[in-house]
Amino acid sequence: MSASVEVSRLVKSYGALRAVDGVDFDVRSGEVFSFLGPNGAGKTTTVEILEGLRRRTAGDVRVLGLDPWIDLARLRTRIGVTPQDFHFFPKLTPREGIRLYARLFERKVDEDELLALVQLSDKADDRYDTLSGGQHQKMGVALALVNDPELCFLDEPTTGLDPRARRAIWEVIRRLKGEGRTVFLTTHYLEEAQQLSDRISIINLGRIVATGSPDEIIRRFGRPERLRLVGESALADRLASLGLRVTRDDGAVEVELGSKADALQILETIRASGLKWESFSTRSDTLEDVFIRLVGRMENGSLPAEPEPEGGP
Amino acid sequence: MKFRNVVTYLPAFAKGYIRNPLGLFFALVFPVILILIFGSVFASSGSSPVPLTVQNLDHNSATSVAFLSALNATGAVSLSFVSPSAGNLSSYLKANSLSAGLVIPDGFASDVANRTPVDLTVYTNPAAGAEAGIVEGAVAGAANAMNLRLAGGSEVVTPEFETVGGPLYKYIDYLVPGLIGFSVLVSPMFSMVNISSTWKRDKLFRQLSLTPLTRAEWLTATLLWYVSLACLSAVLMVLLGQALFGAHVTLTLLALPFLVVAPILFVSLGLLAGSVSTQPESAGVVGNIITFPMMFLSGTFFPVALFPSWLVPVAHVLPLFYVIDGLNSAMVYNNPTEVYTDLVIVVVVALVLAVAATRLFRWRED
């Protein structure tokens, strides 16, 4: 599969500050790629460099085979962009905005269909400055699609949307993927990234800390499945003495499982010991768990060791 | 540059402008209000005779009536009469809020016949300086003419009064070009300061940079809009000035270059003011600091010739002064030489500002 975006050793400096510090990744054609990171991680700077809106300090960037800073004139007819915190001309309506873009891009666009796609039909003729924040975002998505782009940059397109509208945008993204387009998505909603993305990169402090499919990232950086027990404190000591990896978490005891069958054995051991317990459940890491662990890890500029278990071989 | 993109974007910009009541107000409505107010207030200046209240205590003697006829014939004053029984004229004038009066004393005719010096008492209000001067000059002129005739002399040297350029110019004639200049200044300046700062904050320029519209096309469309507004404003001001106040102004081709170049100048200046500021609020302050002194010190509402001498050099460094001076030369005096001088200055300043604005005003960030 060819790459729509290729980023190699990308650096962006502001004086002494390196906002983006040697980033490498690529986005394959036809995939939904999510670019995640906490505020100030270098995420928006990287995206704006890819969109041709910001000049890089060093490194190589190719978007659809073009240098976005130098070749923006050629690139902009092939990409669609919904910027973070989208704004438009305050006195124009969504319909007028789509018409303006369609004429500039010299495209024939069914305004009603596009407005319906982003669930903005009922506000088609309302002026932008009377629309809500969520409706602004929907209009941004609609405008990004006017030129029938091969690659869509959607920078936090669902921020501020209610759950129904958010799911409508999810459907748009799935539809774009279904049509063979590439989607470069940034979002603060990790559930959204997990559901929609083929692959993900996580950036922190200007560096990529993880890249892969959501499952790969969870497998690689997440902890094993755990049995979570709520009961008396002696439970932890008892289980640790059996050589199990035990951690305490918010008053509960978590025991790492090698396999599902381990859970049955542990529960039998507890029953036999006579120690009191109130409830149990099994738990796996989500992308959000992994994200928080990775971002937390990088706070000192390096990857720390795994959480220290109380027992184990 | 694709002209197609210019004509595609222009209606969108125009819609945004027209749907913003504040923009249209400053571009068209406010100058109309100003011409109505100033035109009405100063409608009489420079042409109408000054009212003069006369108390003839000489029982309407033939000599006093002849003197008053001569005074009336000057056209500088319009006489109204008050009865001798009204008492002291000064008190009468004060009680009736009148600013000028003349008393013909009892025995005026006999004193004149006997060649006995006789005093005419003229009351004027120092607060109405121009009117006081007119009354004093008219009465003195009529008295001198009477003295000359009594001495058996005749006028050898007589002044012929004309106004500069030919016809009798009035305040409204200077006001119309001034208000066109006001409109040409205010509309692009306020609008561009606002646009360049808020659009930058809202990243709208970056949004546009992702469309096929280029900076040059955007700027051309914007300039076309403000040139159209300037022309519309000029037509409106001239028609109103002529229809309501009889202004002696004509829309000539000589004025057209100013209506094209001045918007370029002030759009560039507005872009610069907005570009150097990081926040729309501070951009607004910078815009006001530039706009307001220019608005009042460039001869917009009053000719610069009336300014105190120390203020005149200040007016001469303001580009709007040359726009208004040029419009005056074109529309009032029809003086091409003066027009070209002003136009050269306006074009040079516009070019410098346009180049500076183009360099500083960027859509993308390094």
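Computed from a predicted structure; not experimentally measured. (Residues numbered from 1 in each chain as written. Chains lettered and ligands numbered in written order. Predicted model: local features only at pLDDT ≥ 70, side-chain atom pairs only at ≥ 80, totals over all residues.)

Digging into the domain arrangement of chain A
Here is the rule we go by: Each domain's limits were defined by an automated method or a database of domain assignments.
The assigned domain composition of chain A is domain 1 (3-219) and domain 2 (224-284). The straight-line distance from the C-alpha centre of domain 1 of chain A to that of domain 2 of chain A is 44 Å.

Concerning the sheet that holds strand β11 (residues 246-249) of chain A
Residues and elements named next belong to chain A. Defined as follows: Two strands pair under a simple rule: DSSP has to find at least two bridges between them. Only DSSP runs of H or I covering at least 4 residues are called helices, and only runs of E covering at least 2 are called strands; the numbering of each starts at the N terminus. Axes, fitted as lines to C-alpha atoms, cover a helix only where it is in contact. Angles between the N-to-C directions of the axes lie from 0 to 180 degrees. The contact criterion used here is simple: two residues whose C-beta atoms, placed from the backbone, lie within 7 Å are in contact.
Spatially, 4 strands are ordered β11-β12-β10-β13 in an open sheet, and the strand pairing comes out antiparallel. Looking at the sheet topology across the chains shown, the edges are occupied by β11 and β13 (277-283). Averaged over all pairs of adjacent strands, the angle between strand axes in this sheet comes to 25°, irrespective of strand direction. Alignment of strand β10 (residues 226-231) against strand β12 (residues 252-256), held across 4 bridges, turns out to be antiparallel. The residue bridging arginine 226 from the neighbouring strand is glutamate 256, located in β12. Contacting β10, β12 and β13, helix α10 (residues 260-273) crosses the sheet at an angle of about 170° to β13.

A few points about helix α8 (residues 214-221) of chain A
All names here are of chain A. Our working rule: We call a residue exposed when 12 or fewer other C-beta atoms sit within 10 Å of its C-beta, buried when the count reaches 20 or more, and partly exposed for counts in between; the C-beta positions come from the backbone. Within this analysis, the arc is defined by the directions that extend from the helix axis to the C-beta atoms.
Burial in α8 covers these residues: Pro214, Ile217, Ile218 and Phe221. For α8, the angular spread of buried residues about the axis comes to 100°, placing them on one side. Counted as exposed and oriented over 90 degrees from the buried face of α8: Asp215 and Arg220.

With respect to α10 of chain A
Heads up, the rule is: A helix's residues, less one, multiplied by 1.5 Å, set its expected span.
Taking 1.5 Å as the rise per residue, α10 of chain A with 14 residues should run 20 Å; its terminal C-alpha atoms sit 21 Å apart, in good agreement. One or two steps after α10 of chain A, the chain reaches glycine 274 of chain A, where phi turns positive at roughly 80°.

Some thoughts on the domain arrangement of chain B
Per the domain assignment, the segments of chain B are domain 1 (3-43 + 168-360) and domain 2 (50-150). For domain 1 of chain B versus domain 2 of chain B, the separation of C-alpha centres amounts to 49 Å.

Quick look at the interface of chain A and chain B
It is common to give the size of an interface as the accessible area lost on bringing the parts into contact. Let me state the cut-off plainly: In the scheme used here, Gly and all other residues not listed as nonpolar or charged are polar, with Ala, Val, Leu, Ile, Met, Phe, Trp, Tyr, Cys and Pro taken as nonpolar and Asp, Glu, Lys and Arg as charged.
Contacts between the two partners involve 18 residues from chain A, matched on the other side by 20 residues from chain B. Examining the composition of the side of chain A that touches chain B, we find that 6 residues originate from one element, helix α3 (residues 94-105) of chain A, more than from any other. Partitioning the side of chain A that touches chain B into residue classes produces 9 nonpolar, 2 polar and 7 charged.

Some points on the packing of helix α10 (residues 256-275) of chain B against helix α14 (residues 336-360) of chain B
All names here are of chain B. Filter applied, for reference: Helix crossings fall into two classes, left-handed where the near helix is turned counterclockwise from the far one by less than a right angle and right-handed where it is turned clockwise.
With their axes 8 Å apart at the nearest point, α10 and α14 run at an angle of 35° to one another. Once α10 is placed against α14, the crossing between them reads as left-handed. Across from Pro257, Phe258, Val261, Ala262, Ile264, Leu265, Ser268, Leu269, Leu271, Leu272 and Ser275 in α10, the residues of α14 making contact are Leu343, Val346, Val347, Val349, Ala350, Leu353, Ala354, Ala356, Ala357 and Leu360.

Some thoughts on the environment of alanine 100 of chain B
All names here are of chain B. Mapped onto the secondary structure, alanine 100 falls in strand β3 (residues 100-104). Alanine 100 gets classed as buried once you count the C-beta atoms within 10 Å, which come to 23. It is 16 Å that separates the C-alpha atoms of alanine 100 and alanine 86, two residues lying 14 residues apart in sequence. If we ignore the near neighbours within four places in the chain, the residues touching alanine 100 are Val50, Pro51, Leu52, Thr53, Tyr123, Thr124, Asn125, Glu131, Ala132 and Val135.

A word on the pairing of strand β3 (residues 32-36) of chain A
Residue and element names in this part refer to chain A. Of all 5 residues making up β3, 5 are buried, and the element is well covered by its neighbours. Alternating residues of β3 divide into Val32, Ser34 and Leu36 and Phe33 and Phe35, and every residue in both groups is buried. Where β3 lies against strand β7 (residues 182-186), 4 bridges are found, and the strand directions are parallel. Bridge assignment links valine 32 to a residue of β7, and that residue is valine 183. Note that β3 and strand β8 (residues 199-204) share 4 bridges and pair parallel.

Some details on the confidence of the model for chain A
Residues and elements named next belong to chain A. Put simply, the test is: Scored from 0 to 100, pLDDT records how confident the predictor is in each individual residue.
This prediction gives chain A a mean pLDDT of 89; 94% of its residues lie at or above 70. Within chain A, no element has a lower average pLDDT than helix α11 (residues 287-297), which sits at 83, and none a higher one than α3, at 97. Low confidence marks residues 299-313, where pLDDT is under 50. Its contacts with residues over four positions away, or in another chain, come to 20 contacts.

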